[in-house]
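# Descriptive analysis of the structure
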Amino acid sequence: MYHLSPEQEARARQALEKESVYGAPVDFAAYVHDRQAPAGEDFDRLVRQEEETLTKAGFAVDERQRAASFLQVNHAVSRCRRQVEGVEVLPTREALAKYDGLPDYWWQAVPVDGDKYTAKVALEFDNGYFIRARSGVKASLPVQTCMFMEHQQVMQNVHNLIIVEEGAELEIISGCATASTTAAGLHLGVSEIYVGKNARLTFTMIHNWGEEVVTRPRSAAWVEAGGVFISNYICLKKVQSLQMYPTARLRGPGATVRFNSIVAAPAGASLDMGSRVILAHPGCKAEVISRAVSFGGEIIARGHLVGEDPGVKAHLECHGLMLSDRGLIHAIPELEGRVAGVEMSHEAAVGKIAQEEVEYLMARGLDEEEATSTIVRGFLNVEIAGLPAGLRRDLDELLAKSNAGGL
Amino acid sequence: MLRVEDLWVEVGGQQVLHEVNFHIPVGQTHILFGKNGSGKTSLLLTLIGYRDYRVVQGRIIFKGREITHLPIHERVRLGMGVSFQRPPTVRGLLTRQMVEICNRSGRDYLPLAERLNFVPFLDRELNVGFSGGEMKRSELLQLLVQQPDFVMLDEPESGVDIENMKLIGKITGELLERHLNRTRRRSGLIITHTGYILDYTNADLGYVMLDGTIVCTGNPFQIFATINEKGFEECAQCTI
């Protein structure tokens, strides 16, 4: 297998039965994985048929205001178009062939034998995107990507690599979506993110899946000295089962990470998600902020900060809103100080919508439903620090369009 | 404009109002006095239709229509408006968005915000970290944009400094059309503790509320003078 070393391949094979610590086990046999099957990756057809779905996943089909676009349908690349110098975008398979397997990055941040999902992606790898901002390049427009699943019960195994070299700055808007005609599928996505010295990456992931999609993203980021990694995750539509626990490792002094998550769980959805940050050097900073709304679905909101140097600062904030008597929001914030002098805190709150706020808005003329959805949108409208203005507008629109999970 | 007939109200099974009767004609502004806990705010929240304020007896008639059990927003759409004493904070909702919710007629509200020295607050989350005076100006701006026919104000001057008091008083007077005489269409009910607002509204009638019912009706300036001189208990005994 050209993209795995014999050692990696052996480890992956051993992990094929290894269940994840979190999330319900997934039966691979229930899904179809056929790399020979036609994928229907014609870009013009997709835009014609699925413009709305793509737009809701943050993908601008006109590609204006984007430095580059990448779109993959099932296992096949549908679009890979670069418009700006200094930012490289390739299908992962091509990048591996072009750069001798990228050994410094390939399966470095994410362990190949993490669980059966990483193993499956390693052994039955479809494709993915490779994005690299060359040293010192500051891209003024974002790169957009979309992982698209079409056909019932399809399995998509993706491996992405993002490299922001020293001093470079990049924004990525990464959407995931299923065709409007497709309800069920399994998406396994490995993303390895490398933020170099004094580099900056804003990575916004928007999930817009079909109602019976099961997904197991496996992401990790390495952030070097002075680097800044901002991750925004948005999932406002029903997804049957999502489990992820991305980890950022701050590998040099002054490295900073911020994870923002905005999620809604309609009845029947199950989200088990969190962010973990390992702060191992002086001056490292982390902020993990999540907003979760349950309309009857289940959300487990995790967060884990590990302080390994006396000069680190980190804060975890987990707010949940229960809008139904069914469903669940379980906030599990964890702080782990390993030396004296770490400064870490957390704040978690799970509550219902305040009647006095609803009545206040009704006293301005909104009916109860309008008042409630206005409050929910406000709750989800967390001020995402560091978000570029263009992206902020996109998010506001998305939030407005989504109607916050169907209210 | 508003007629309240033999109103009895409970909150969580506890009686908070009983035998309340009054009438506010079109164009008149009335003042409601009463010490803390006498039921003034309960009356206002009952009139606007807050769910916890359960009417167990009596009727509320607004513009000739019984609204005793109408939901809040329908009363508001009929022309009621209220400025709350302590409005809740609403995280994530910008004050500007709330003003726009009130703005059903689509008018340009910026000049109003400028007059209230409130423009810098429009892009702040609603009532988050607002001082007493900022809250009152926010509430007043919402009412000015909403343009209700019947205006209820719950202690519009509490927590406001003298300078802002003048501004709020003046604009409240205008909102209630006190500068007009025969053509006045708007009515009001104002709860006041300090009486400052009296100087700006030239109100028509005053009530004293005690233990959940109205015990005295009369000239608001005279009532206020009596309260200042003799206190609420004494005031309840007399008939002006």
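No experiment lies behind these values; they were computed from the predicted model shown. Residue indices begin from 1 for each chain and proceed along its sequence in written order. Following the order in which they are written, the chains are lettered starting with A and the ligands numbered starting with 1. Confidence filtering applies because this is a predicted model: local features only for residues at pLDDT of at least 70, side-chain atom pairs given and counted only at 80 or more, and all residues used for totals across whole chains, interfaces and linings. To obtain the side-chain values, all non-hydrogen atoms of the structure were included, while hydrogens and water were left out.

### What about the overall build of chain A?
Scanning chain A for helices and strands turns up seven helices and 20 strands. Its C-alpha radius of gyration of 20 Å places chain A within 12% of the 22 Å reference for a compact globule of 407 residues. Along the three orthogonal principal directions, the C-alpha set of chain A runs to about 65 × 55 × 45 Å. To sort residues, take the accessible area from a 1.4 Å probe on protein chains only and compare it with the maximum for the residue type: under 20% means buried, over 50% means exposed, and anything in between is partly exposed. A buried classification covers 61% of the 407 residues belonging to chain A. Here the contacts in chain A between residues at least 6 apart in sequence split such that 84% fall between residues at least 24 apart. As displayed, chain A has an accessible area near 15,300 Å², and 47% of this comes from carbon and sulfur atoms. Positive charges come from Lys and Arg alone, negative charges from Asp and Glu alone, with His and the N- and C-terminal ends not counted. Charged groups are reduced to one reference atom each: NZ for lysine, CZ for arginine, CG for aspartic acid, CD for glutamic acid. Put simply, chain A has 41 plus and 54 minus side-chain charges, and the middle of one group is 3 Å from the middle of the other. Helix and strand assignments follow DSSP, with helices taken as H or I runs no shorter than four residues and strands as E runs no shorter than two, numbered in order from the N terminus. Just to be clear, the radius of gyration here is over C-alpha atoms, and the globule rule we use is 2.2 Å times residues to the power 0.38. We call two residues in contact whenever any of their non-hydrogen atoms come within 4.5 Å of each other. Only the protein chains shown count as cover for residues, and all accessible areas are computed by the Shrake-Rupley method using a 1.4 Å probe.

### Points about the overall build of chain B
Looking only at helices and strands, one finds eight helices and twelve strands in chain B. The C-alpha radius of gyration computed for chain B amounts to 17 Å, which stays within 12% of the reference 18 Å derived for 240 residues, consistent with globular compactness. When the backbone C-alpha atoms are referred to their principal axes, chain B occupies close to 50 × 40 × 35 Å. Taking all 240 residues of chain B together, the buried fraction comes to 57%. The long-range fraction of contacts in chain B, counting pairs at least 24 apart against all pairs at least 6 apart in sequence, stands at 68%.

### Some remarks on helix α5 (residues 355-362) of chain A
Counting buried positions along α5(A) yields six of eight residues, so the element is predominantly enclosed. Listing the buried residues of α5(A) in full gives A:Glu357, A:Val358, A:Glu359, A:Tyr360, A:Leu361 and A:Met362. Those residues of α5(A) hidden inside the fold are in contact with α6 (368-380) of chain A together with α2 (72-78), β7 (90-94), α3 (95-102), β8 (125-126) and α5 (132-146) of chain B.

### Some points on the interface of chain A and chain B
Contact with chain A, which involves 19 residues of that partner, is made by 26 residues of chain B. When two components associate, each loses some accessible surface as probed by a 1.4 Å sphere; the sum of these losses over both components is called the buried area. A combined buried area of about 2,000 Å² lies between chain A and chain B, and 57% of that area is made up of carbon and sulfur atoms. It is A:Glu359, A:Tyr360 and A:Arg364 in chain A that bury the most area against chain B; as a group they hold 39% of the surface buried on that side. Whenever a carboxyl oxygen of Asp or Glu lies within 4 Å of a side-chain nitrogen of Lys or Arg, that contact is scored as a salt bridge. Along the contact surface separating chain A from chain B lie three salt bridges. Among the ionic pairs, B:Glu139 bridges to A:Arg364, the shortest N-O distance being 2.8 Å. What qualifies as a polar contact is a pair of N or O atoms within 3.5 Å, subject to a donor-acceptor requirement within protein and to the restriction that residues adjacent in sequence count only when both atoms come from side chains. Joining chain A to chain B, the criterion identifies eleven residue pairs in polar contact (both at pLDDT 80 or more). For the side of chain A that touches chain B, the secondary structure elements donating two or more residues are α5 and α6 of chain A. Broken down by element, the side of chain A that touches chain B gets its largest block of residues, seven residues, from α5(A). A class-by-class count of the residues in the side of chain A that touches chain B yields seven nonpolar, five polar and seven charged. For this scheme, ten residues count as nonpolar: Ala, Val, Leu, Ile, Met, Phe, Trp, Tyr, Cys and Pro. Four count as charged, namely Asp, Glu, Lys and Arg, and the remainder, Gly too, count as polar.

### A look at the pairing of strand β6 (residues 80-83) of chain B
All names here are of chain B. A two-sided burial pattern is seen for β6, the buried positions comprising Met80 and Val82 on one face and Gly81 and Ser83 on the other. Paired strands, in this sense, are two strands between which DSSP finds at least two bridges. Where β6 meets strand β9 (residues 150-154), four bridges bridge the pair, whose relative direction is parallel. Across the sheet, residue Ser83 finds its bridge partner in β9, namely Leu153.

### Topic: the pattern of salt bridges
Taken as a whole, this structure holds 35 salt bridges over all chains when the rule is applied. Here A:Glu19 makes a salt bridge to A:Lys116, at a shortest N to O gap of 3.0 Å. Within this pair, whereas A:Glu19 is found in the loop between α1 (6-14) and α2 (43-56), its partner A:Lys116 is found in helix α4 (residues 116-123), the two being separated by 97 residues in sequence. Note on A:Glu19: relative accessible area 39%, which makes it partly exposed. On the basis of relative accessibility, which here comes to 6%, the residue A:Lys116 falls in the buried class. Between B:Glu174 and B:Arg115 there is a salt bridge, and its shortest N-O distance comes to 2.7 Å. With B:Glu174 in helix α6 (residues 162-175) and B:Arg115 in helix α4 (residues 110-115), the pair connects residues that are 59 residues apart, well separated along the chain. Residue classification places B:Arg115 among the partly exposed positions, given a relative accessible area of 38%. Taken together, the shared-partner salt bridges connect A:Glu88, A:Lys98, A:Arg132, A:Arg134 and A:Glu165 into one network.

### Remarks on the packing of α5(A) against α6(A)
Residue and element names in this part refer to chain A. In this description, a line fitted to the C-alpha atoms serves as the axis of each element, helices being fitted only across the stretch in contact, and the angle between N-to-C directions of two axes falls anywhere from 0 to 180 degrees. Running from N to C, α5 and α6 point in directions that differ by 120°, and their axes come no closer than 9 Å. Overall, the two elements α5 and α6 adopt an arrangement that is oblique. Taken as a pair, α5 and α6 cross one another with a handedness that is right-handed. Residues Glu357, Val358, Leu361 and Met362 of α5 touch α6, and the partners they reach there are Glu368, Ala371, Thr372, Thr374 and Ile375. Per-class residue counts for the contact of α5 with α6 are five nonpolar, two polar and two charged. Working rule for angles: under 35 degrees goes down as roughly parallel, over 145 as roughly antiparallel, 65 to 115 as roughly perpendicular, anything else as oblique. Helix crossings fall into two classes, left-handed where the near helix is turned counterclockwise from the far one by less than a right angle and right-handed where it is turned clockwise.

### Focus on the domain arrangement of chain A
Many descriptions give the size of an interface as the accessible area lost when the pieces come together. Segmentation of chain A into domains returns domain 1 (6-353) and domain 2 (354-407). Domains are outlined according to an automatic or database domain assignment. Look at where the C-alpha atoms of domain 1 of chain A and domain 2 of chain A centre, and you get two points 25 Å apart.

### Describing the sheet that holds strand β14 (residues 256-266) of chain A
Residue and element names in this part refer to chain A. Read across the open sheet, the ten strands follow the order β2-β1-β5-β7-β9-β11-β14-β16-β18-β20; overall the sheet is mixed. The strands lining the two open edges of the sheet, one partner per strand, are β2 (76-82) and β20 (343-352). Each strand of the sheet is rotated relative to its neighbour by a mean of 5°, with strand direction disregarded. Across six bridges, the pairing between strand β1 (residues 68-73) and strand β5 (residues 143-149) is parallel. Looking at β5, one finds that Phe70 is bridged to Thr145. Contacting β1, β2, β5, β7 (169-178) and β9 (200-208), α2 runs over the sheet at an angle of about 100° to β5. Strand contacts of α6: β14, β16 (285-295) and β18 (313-322), with the helix running at about 160° to β16, the strand carrying the most contacts.

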